[in-house]
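# Observations on the model geometry
Okay, here's what each chain looks like letter by letter:
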Amino acid sequence: RAFGLRLTLRNEVRAAVAYAYIRLGPGRRCMEVGTQDGGHAAIMCEVMSPSVMVCVDPWCDIRWEDGRTEVYSADSYSKAVNTLSKYSASLVRGKSQDELPKMPDDSFDFVYIDGDHSAEVCAQDIRQALRLVTLYGVVGGHNCNVLPQVVNRTRHVVSVPGAVSAVFDGHYVDGLGSDWWVTVT
(Lines give C-alpha, C1' and ligand atoms only; values in the text may rest on other atoms or scores of the structure.)
Protein backbone atom coordinates (compact mmCIF):
# COMPACT_ATOMS: atom_id res chain seq x y z
CA ARG A 1 0.00 0.00 0.00
CA ALA A 2 1.02 3.55 -0.63
CA PHE A 3 0.06 6.29 1.79
CA GLY A 4 -1.47 9.46 0.41
CA LEU A 5 -0.56 11.96 3.07
CA ARG A 6 -3.32 14.32 4.11
CA LEU A 7 -1.98 16.28 7.04
CA THR A 8 -3.61 19.07 8.93
CA LEU A 9 -2.74 20.37 12.36
CA ARG A 10 -5.46 21.65 14.65
CA ASN A 11 -5.92 22.45 18.32
CA GLU A 12 -8.58 19.84 19.10
CA VAL A 13 -9.03 16.12 18.75
CA ARG A 14 -12.19 16.87 16.77
CA ALA A 15 -10.14 17.90 13.71
CA ALA A 16 -9.10 14.36 12.73
CA VAL A 17 -12.54 13.02 13.59
CA ALA A 18 -14.20 15.66 11.41
CA TYR A 19 -11.82 14.83 8.57
CA ALA A 20 -12.61 11.12 8.90
CA TYR A 21 -16.33 11.85 8.90
CA ILE A 22 -16.09 14.02 5.78
CA ARG A 23 -13.87 11.47 4.07
CA LEU A 24 -15.74 8.32 5.13
CA GLY A 25 -19.26 9.27 6.21
CA PRO A 26 -21.26 7.79 9.11
CA GLY A 27 -21.66 4.16 10.12
CA ARG A 28 -18.00 3.19 9.89
CA ARG A 29 -15.88 0.84 12.01
CA CYS A 30 -13.79 2.95 14.39
CA MET A 31 -11.11 2.33 16.98
CA GLU A 32 -9.38 4.58 19.48
CA VAL A 33 -6.01 3.58 20.92
CA GLY A 34 -5.55 5.29 24.28
CA THR A 35 -9.05 5.91 25.56
CA GLN A 36 -8.45 6.92 29.19
CA ASP A 37 -11.85 8.24 30.41
CA GLY A 38 -13.64 7.90 27.06
CA GLY A 39 -14.09 11.58 26.26
CA HIS A 40 -12.50 11.53 22.80
CA ALA A 41 -14.12 8.21 21.92
CA ALA A 42 -17.50 9.73 22.81
CA ILE A 43 -16.77 12.59 20.39
CA MET A 44 -16.01 10.01 17.70
CA CYS A 45 -19.29 8.26 18.44
CA GLU A 46 -21.27 11.50 18.37
CA VAL A 47 -19.71 12.71 15.13
CA MET A 48 -19.32 9.45 13.20
CA SER A 49 -22.17 7.23 14.49
CA PRO A 50 -19.91 4.19 14.02
CA SER A 51 -21.29 0.72 13.40
CA VAL A 52 -18.41 -0.57 15.53
CA MET A 53 -16.47 1.34 18.20
CA VAL A 54 -13.48 -0.38 19.83
CA CYS A 55 -11.43 1.32 22.54
CA VAL A 56 -8.02 -0.04 23.54
CA ASP A 57 -6.30 1.11 26.73
CA PRO A 58 -4.41 -0.63 29.52
CA TRP A 59 -6.27 1.43 32.13
CA CYS A 60 -3.31 1.08 34.46
CA ASP A 61 -0.90 3.42 36.18
CA ILE A 62 1.81 4.78 33.89
CA ARG A 63 5.44 5.25 34.86
CA TRP A 64 7.11 7.71 32.47
CA GLU A 65 10.80 7.70 31.54
CA ASP A 66 11.44 10.72 33.76
CA GLY A 67 10.20 8.82 36.83
CA ARG A 68 6.76 10.42 37.09
CA THR A 69 3.81 8.12 37.74
CA GLU A 70 0.38 8.89 36.35
CA VAL A 71 -2.37 7.19 38.34
CA TYR A 72 -5.70 6.86 36.56
CA SER A 73 -6.56 3.19 36.28
CA ALA A 74 -9.72 2.49 38.30
CA ASP A 75 -11.28 5.93 38.05
CA SER A 76 -10.64 6.34 34.31
CA TYR A 77 -11.84 2.85 33.45
CA SER A 78 -15.11 3.44 35.34
CA LYS A 79 -15.56 6.78 33.59
CA ALA A 80 -14.92 5.17 30.19
CA VAL A 81 -17.45 2.42 30.88
CA ASN A 82 -20.07 4.98 31.93
CA THR A 83 -19.32 7.46 29.13
CA LEU A 84 -19.28 4.87 26.35
CA SER A 85 -22.06 2.53 27.49
CA LYS A 86 -24.72 4.41 25.49
CA TYR A 87 -22.67 3.86 22.30
CA SER A 88 -22.24 0.08 22.70
CA ALA A 89 -18.48 0.53 22.51
CA SER A 90 -16.24 -2.47 23.10
CA LEU A 91 -13.51 -1.76 25.64
CA VAL A 92 -10.34 -3.81 25.26
CA ARG A 93 -8.25 -3.63 28.42
CA GLY A 94 -4.61 -4.18 27.51
CA LYS A 95 -1.52 -2.56 26.05
CA SER A 96 -1.87 -1.63 22.39
CA GLN A 97 1.35 -3.43 21.51
CA ASP A 98 -0.24 -6.66 22.83
CA GLU A 99 -3.82 -6.17 21.62
CA LEU A 100 -3.52 -4.65 18.12
CA PRO A 101 -1.49 -7.54 16.62
CA LYS A 102 -4.35 -9.91 17.57
CA MET A 103 -6.81 -8.04 15.35
CA PRO A 104 -7.30 -8.98 11.67
CA ASP A 105 -6.17 -6.78 8.78
CA ASP A 106 -8.70 -4.30 7.36
CA SER A 107 -10.88 -4.39 10.50
CA PHE A 108 -11.52 -0.64 10.73
CA ASP A 109 -12.25 2.38 8.58
CA PHE A 110 -10.83 4.89 11.10
CA VAL A 111 -8.20 4.43 13.80
CA TYR A 112 -7.37 7.29 16.15
CA ILE A 113 -4.16 7.03 18.19
CA ASP A 114 -3.75 8.84 21.51
CA GLY A 115 -2.05 6.17 23.60
CA ASP A 116 1.54 5.65 24.71
CA HIS A 117 3.51 8.73 23.63
CA SER A 118 6.94 7.11 23.56
CA ALA A 119 8.43 7.13 20.06
CA GLU A 120 8.79 3.34 19.90
CA VAL A 121 5.27 2.42 21.00
CA CYS A 122 3.65 5.28 19.07
CA ALA A 123 5.40 4.14 15.88
CA GLN A 124 4.25 0.55 16.55
CA ASP A 125 0.68 1.78 17.04
CA ILE A 126 0.79 3.72 13.77
CA ARG A 127 2.17 0.74 11.84
CA GLN A 128 -0.46 -1.56 13.33
CA ALA A 129 -3.20 0.99 12.57
CA LEU A 130 -2.09 1.15 8.93
CA ARG A 131 -2.50 -2.64 8.78
CA LEU A 132 -5.85 -2.56 10.53
CA VAL A 133 -7.47 0.20 8.47
CA THR A 134 -9.12 -0.49 5.11
CA LEU A 135 -8.00 0.93 1.80
CA TYR A 136 -9.04 4.63 1.70
CA GLY A 137 -9.56 4.54 5.44
CA VAL A 138 -8.11 7.11 7.83
CA VAL A 139 -5.43 6.80 10.50
CA GLY A 140 -4.97 9.80 12.75
CA GLY A 141 -3.71 10.82 16.12
CA HIS A 142 -3.22 13.43 18.76
CA ASN A 143 -0.34 15.15 20.58
CA CYS A 144 1.68 16.00 17.54
CA ASN A 145 2.53 19.43 18.91
CA VAL A 146 6.09 20.49 19.57
CA LEU A 147 5.69 23.82 21.32
CA PRO A 148 8.75 24.55 23.53
CA GLN A 149 6.70 24.73 26.73
CA VAL A 150 5.29 21.26 26.03
CA VAL A 151 8.76 19.89 25.35
CA ASN A 152 10.11 21.26 28.62
CA ARG A 153 7.25 20.11 30.83
CA THR A 154 6.41 16.68 29.43
CA ARG A 155 9.23 15.24 27.43
CA HIS A 156 7.18 12.21 26.29
CA VAL A 157 4.85 14.33 24.13
CA VAL A 158 7.72 15.27 21.83
CA SER A 159 8.10 11.61 20.80
CA VAL A 160 4.82 11.60 18.84
CA PRO A 161 6.01 13.88 15.98
CA GLY A 162 9.19 11.82 15.74
CA ALA A 163 7.19 8.60 15.48
CA VAL A 164 4.87 10.07 12.82
CA SER A 165 7.86 11.32 10.85
CA ALA A 166 9.70 7.99 11.12
CA VAL A 167 6.72 5.92 9.99
CA PHE A 168 5.98 8.17 7.02
CA ASP A 169 9.64 8.48 6.07
CA GLY A 170 10.01 12.16 6.83
CA HIS A 171 6.90 13.33 4.94
CA TYR A 172 5.34 14.78 8.07
CA VAL A 173 5.30 18.59 8.18
CA ASP A 174 5.62 20.23 11.60
CA GLY A 175 3.19 22.94 12.60
CA LEU A 176 1.13 24.30 15.44
CA GLY A 177 -1.67 22.21 16.84
CA SER A 178 -2.00 18.63 17.87
CA ASP A 179 -3.88 16.44 15.37
CA TRP A 180 -2.45 14.57 12.36
CA TRP A 181 -3.95 12.08 9.92
CA VAL A 182 -3.37 10.13 6.72
CA THR A 183 -5.65 8.53 4.16
CA VAL A 184 -4.52 5.03 3.24
CA THR A 185 -4.29 4.71 -0.53
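A few points on the structure. Being a predicted model, the structure only gives us computed values, none of them experimental. (Residues numbered from 1 in each chain as written. Predicted model: local features only at pLDDT ≥ 70, side-chain atom pairs only at ≥ 80, totals over all residues. Heavy atoms only, no water.)

Attention shifts here to the packing of helix α5 (residues 119-132) against helix α7 (residues 159-167). For the pair α5 and α7, the least separation of the axes is 8 Å and the interaxial angle reads 45°. In terms of orientation, α5 and α7 fall into the oblique class. Of the two possible hands of crossing, α5 and α7 adopt the one that is right-handed. Contacts between α5 and α7 pair Ala119, Cys122, Ala123, Ile126, Arg127 and Leu130 from the former with Ser159, Val160, Ala163, Val164, Ala166 and Val167 from the latter. (Axes fitted to C-alpha atoms, helices over the stretch in contact; angles between N-to-C directions. Helix = DSSP H or I, 4+ residues; strand = E, 2+ residues; numbered from the N terminus. Parallel < 35°, antiparallel > 145°, perpendicular 65-115°, else oblique. Left-handed = near helix turned anticlockwise from the far one by under 90°. Contact = heavy atoms within 4.5 Å.)

Turning to the pairing of strand β8 (residues 133-141), a few remarks are in order. Among the nine residues that make up β8, seven are buried, leaving the element largely enclosed by the rest of the structure. Here strand β7 (residues 108-113) pairs with β8 via five bridges, running parallel. Paired with isoleucine 113 across the bridge in β8 is glycine 141. Crossover β7 to β8 through α5 is right-handed. (Buried < 20%, exposed > 50% of the residue type's maximum accessible area, 1.4 Å probe, protein only. Pairing = 2+ DSSP bridges. Right-handed = clockwise from strand over helix to strand, strands pointing away.)

In short, the description is geometric, and any link to function would need to be established separately.
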